[in-house]
Amino acid sequence: MNEPLLTTHDLSIGYPTQQRTVAQGLTLSLAAGQLVCLLGPNGAGKSTLMRTLAGLQTPLAGTVQLAGQPLTDISTLDLARRMSLVLAERVDMGTMRVSELVALGRAPHTGRFGRLTAIDQARIEQALTLTNTHRLADRRLHQLSDGERQTVMLARALAQDTDLILLDEPTAHLDLPNRVEMMRLLRQLTRQTGKAILLSTHELDLALQAADALWLFDARGHLAVGAPEDLVLTGAFDAAFDKAGFYFDRSTGTFTMQPDENGPAVRLSGNESLLFWTRRALRREGFAIQDTADRTIEAFFQQGQARWQYTYAGQTRMATSVSELLRMLNTS
Ligand SMILES: Nc1ncnc2c1ncn2[C@@H]1O[C@H](COP(=O)(O)OP(=O)(O)OP(=O)(O)O)[C@@H](O)[C@H]1O
């Protein structure tokens, strides 16, 4: 494990004027080269922790240290050279061009007159290339979609070229392929450049796949820390998002709606890929799936076409789609 870059000791976070403690006793560590995802239900404390780690909010108690140095001892300029922050809130940048915004990422490095050197230009180029935002460089910020703006904000943070990057919900406005791409890029950055990245997200599935570690808040402000798989296997993951009506299916790693199971029981066998989707449909419709049931369904492929053979009370019928199968079950 690399040296810790960001550490907290017995940290309490919250809002003193409202007498609101969001979480306490947080002793955390983020190492160089690590991608950590901060997860938790709405209102658990993710943004509050992010802002406190970035020095935008004063801790109620305890300390935050960057490479062993208390955050409070680091000047604003030095902090900007070592830590970049992308917040979820939309910032009104007026008519600034994308290329100008990304160049602003170099401000902590460019000295009094803000003149860009060849190194600064190279970092800006690299940030635009990595985030695939070259094509937007001449556009004005108010002409971007929310997802494009989010990616451009990451480009600015990359141009800042800090060892530590904090991102509050960087995938919030992205479509699925771009969410996956963003996670892949962040993971690649930690691997190739040794940067430490902490991001808060509601993308549980992607976080489980991409993160080296999770910091997982539950609704009461308790924080569990560990490898994604360990937090799933210990039950911490289910518990953090515990709510009536759905459950975390450990065999697929997804949250699933709790089935009503008020319909008759069926026995299901056959081709694995068909079984997965047939099971989903049966559960949604309230059928219980049991190995001892009288109603049996065999799912298989015949000349490349999916088929479901349904047998009940000595009668066998063949369905050519899931919806046809459901109709048969609901009428017999
Ligand atoms: N300025 C504030 N003053 C007082 N309480 C606040 C303030 N901002 C947030 N809170 C409260 O602090 C708690 C944590 O909020 P926070 O925004 O950190 O949660 P979050 O995990 O980021 O939520 P979400 O997933 O909804 O973005 C919530 O109960 C919230 O109501």
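Definitions and limits used
- Residues numbered from 1 in each chain as written.
- Predicted model: local features only at pLDDT ≥ 70, side-chain atom pairs only at ≥ 80, totals over all residues.
- Heavy atoms only, no water.
- Near = heavy atom within 4 Å.
- Polar contact = N/O pair within 3.5 Å; in protein donor to acceptor, adjacent residues only side chain to side chain.
- Areas by Shrake-Rupley, 256 points an atom, 1.4 Å probe, with all protein chains shown as cover.
- Helix = DSSP H or I, 4+ residues; strand = E, 2+ residues; numbered from the N terminus.
- Pairing = 2+ DSSP bridges.
- pLDDT = per-residue confidence, 0-100.
- Axes fitted to C-alpha atoms, helices over the stretch in contact; angles between N-to-C directions.
- Contact = heavy atoms within 4.5 Å.
- Expected span 1.5 Å × (residues − 1).
- Buried < 20%, exposed > 50% of the residue type's maximum accessible area, 1.4 Å probe, protein only.
- Arc of directions from axis to C-beta.
- Core = buried A, V, L, I, M, F, W, Y, C linked by side-chain atoms within 4.5 Å.
- Domains from an automatic or database assignment.
- Parallel < 35°, antiparallel > 145°, perpendicular 65-115°, else oblique.
- Left-handed = near helix turned anticlockwise from the far one by under 90°.
- Nonpolar A, V, L, I, M, F, W, Y, C, P; charged D, E, K, R; others polar.

### With respect to the site of the ligand
Next up, step 1: If you check the shell around the ligand, you find 14 residues, and the closest are Arg 20, Gly 43, Lys 46, Ser 47 and Thr 48.
Next up, step 2: In the model, an oxygen atom of the ligand is placed 2.8 Å from a nitrogen or oxygen of the Gly 43 main chain.
Next up, step 3: If the ligand stood free it would expose 640 Å²; the protein chains cover 66% of that surface.
Next up, step 4: Listed by contribution, the elements that provide at least two residues to the shell around the ligand are β2 (20–31) and α1 (46–53).

### A word on the pairing of β2
Next up, step 1: For strand β1 (residues 4–15) and β2, the ladder comprises eight bridges, and the chain directions are antiparallel. Across the sheet, the residue bridging to Ile 13 is Ala 23, located in β2.
Next up, step 2: In this structure, the hairpin formed by β1 and β2 is closed by a connection of four residues, where Gln 19 is found at a positive phi of approximately 50°.

### Observations concerning the confidence of the model for the chain
Next up, step 1: When pLDDT is averaged along the chain, the result is 91, and 97% of the positions lie at 70 or above.
Next up, step 2: Model confidence for the complex: the whole-complex pTM is 0.84, and ipTM, which rates the interface, is 0.98.

### Notes on the sheet that holds strand β8 (residues 196–200)
Next up, step 1: Spatial ordering of the open sheet is given by β6-β7-β8-β3-β9-β10, a layout of six strands whose pairing is mixed. Whereas interior strands pair on both sides, the edge strands pair on one side only; in this sheet they are β6 (83–86) and β10 (223–226). Taking the axes of each pair of neighbouring strands and ignoring which way they run, one obtains an average angle of 15° across the sheet.
Next up, step 2: Note: strand β7 (residues 164–168) against β8, five bridges, orientation parallel. The residue bridging Leu 167 from the neighbouring strand is Leu 199, located in β8.
Next up, step 3: Of the strands in this sheet, β6 and β7 are in contact with helix α5 (residues 146–160), which crosses β6 at around 175°.

### A look at the environment of Thr 7
Next up, step 1: Checked against the element boundaries, Thr 7 lands in strand β1.
Next up, step 2: Contacts of Thr 7, omitting those with residues within four sequence positions, involve Leu 28, Ser 29, Thr 63, Val 64 and Gln 65.

### Details of helix α6 (residues 176–193)
Next up, step 1: Helix length check: α6, at 18 residues, gives a terminal C-alpha distance of 25 Å against a target of 26 Å (1.5 Å per residue), a fit within 8%.
Next up, step 2: By the burial criterion, the buried members of α6 are Arg 179, Met 182, Met 183, Leu 185, Leu 186, Leu 189 and Thr 190. Projection of α6 onto a plane perpendicular to its axis shows the buried side chains occupying an angular sector of 155°, all on one side. Facing away from the buried side of α6 by more than 90 degrees, the exposed set consists of Leu 176, Pro 177 and Gln 192.
Next up, step 3: Against β3 (35–39), α4 (118–130), α5, β7, β8 and α7 (204–210) lie the buried residues of α6.

### Some points on the nonpolar core
Next up, step 1: Counting residues in each nonpolar core, the largest one holds 45 residues, and the members touching the most others are Leu 39, Val 102, Leu 186, Leu 214 and Phe 237.
Next up, step 2: Of all the elements, α5 adds the most residues to this core, at seven residues.
Next up, step 3: Setting aside chain neighbours within four positions, we find Val 102 in contact with Ile 124, Ala 127, Leu 128, Val 152, Ala 155, Arg 156 and Ala 159.
Next up, step 4: Counting residues in hydrophobic clusters, the runner-up holds 30 residues, among them Leu 6, Leu 11, Leu 26 and Leu 71.

### Comments concerning α1
Next up, step 1: A large share of α1 lies buried, amounting to six of its eight residues.
Next up, step 2: Every buried residue of α1 is listed here: Lys 46, Thr 48, Leu 49, Met 50, Thr 52 and Leu 53.
Next up, step 3: Positive backbone phi, approximately 85°, marks Gly 55, located one or two places after α1.

### Thoughts on the environment of Gly 286
Next up, step 1: Following the sequence through the fold, Gly 286 ends up in the loop between α10 (272–284) and β14 (288–289).
Next up, step 2: Expressed as a C-alpha distance, the spacing of Gly 286 and Glu 261, which sit 25 residues apart in the sequence, is 4.1 Å.
Next up, step 3: Apart from residues no more than four positions distant in its own chain, Gly 286 is found in contact with Glu 261, Asn 262 and Gly 263.

### Some points on the sheet that holds strand β15 (residues 295–302)
Next up, step 1: Strand order in the open sheet formed by five strands is β14-β13-β15-β16-β17, with mixed pairing between adjacent strands. Whereas interior strands pair on both sides, the edge strands pair on one side only; in this sheet they are β14 and β17 (315–319).
Next up, step 2: Note: strand β13 (residues 265–270) against β15, five bridges, orientation parallel. Each residue of the ladder has a partner; that of Ser 269, found in β15, is Glu 298.
Next up, step 3: This element, helix α11 (residues 322–330), spans β13, β15, β16 (305–312) and β17 of the sheet and lies at about 150° to β17.

### Things to note about the pairing of β6
Next up, step 1: Of the two faces of β6, the one carrying Met 83 and Leu 85 and the one carrying Ser 84 and Val 86 are both buried.
Next up, step 2: Here four bridges tie β6 to β7, and the two strands are oriented parallel to one another. Residue pairing across strands places Ser 84 opposite Ile 165, the latter belonging to β7.

### Side note on the domain arrangement of the chain
Next up, step 1: Domain parsing of the chain yields domain 1 (4–245) and domain 2 (263–330).
Next up, step 2: Inter-centroid distance (C-alpha atoms) of domain 1 to domain 2 is 46 Å.

### Section: the packing of α10 against α11
Next up, step 1: In the contact formed by α10 and α11, the axes pass within 11 Å of each other and the chain directions differ by 40°. Between α10 and α11, the angle falls in the class oblique. In this structure, the crossing between α10 and α11 has a hand that is right-handed. Each of Thr 278, Ala 281, Leu 282 and Arg 284 in α10 lies in contact with α11, whose residues at this interface are Val 322, Leu 325, Leu 326 and Leu 329.
Next up, step 2: In terms of residue class, the contact of α10 with α11 is built from six nonpolar, one polar and one charged.

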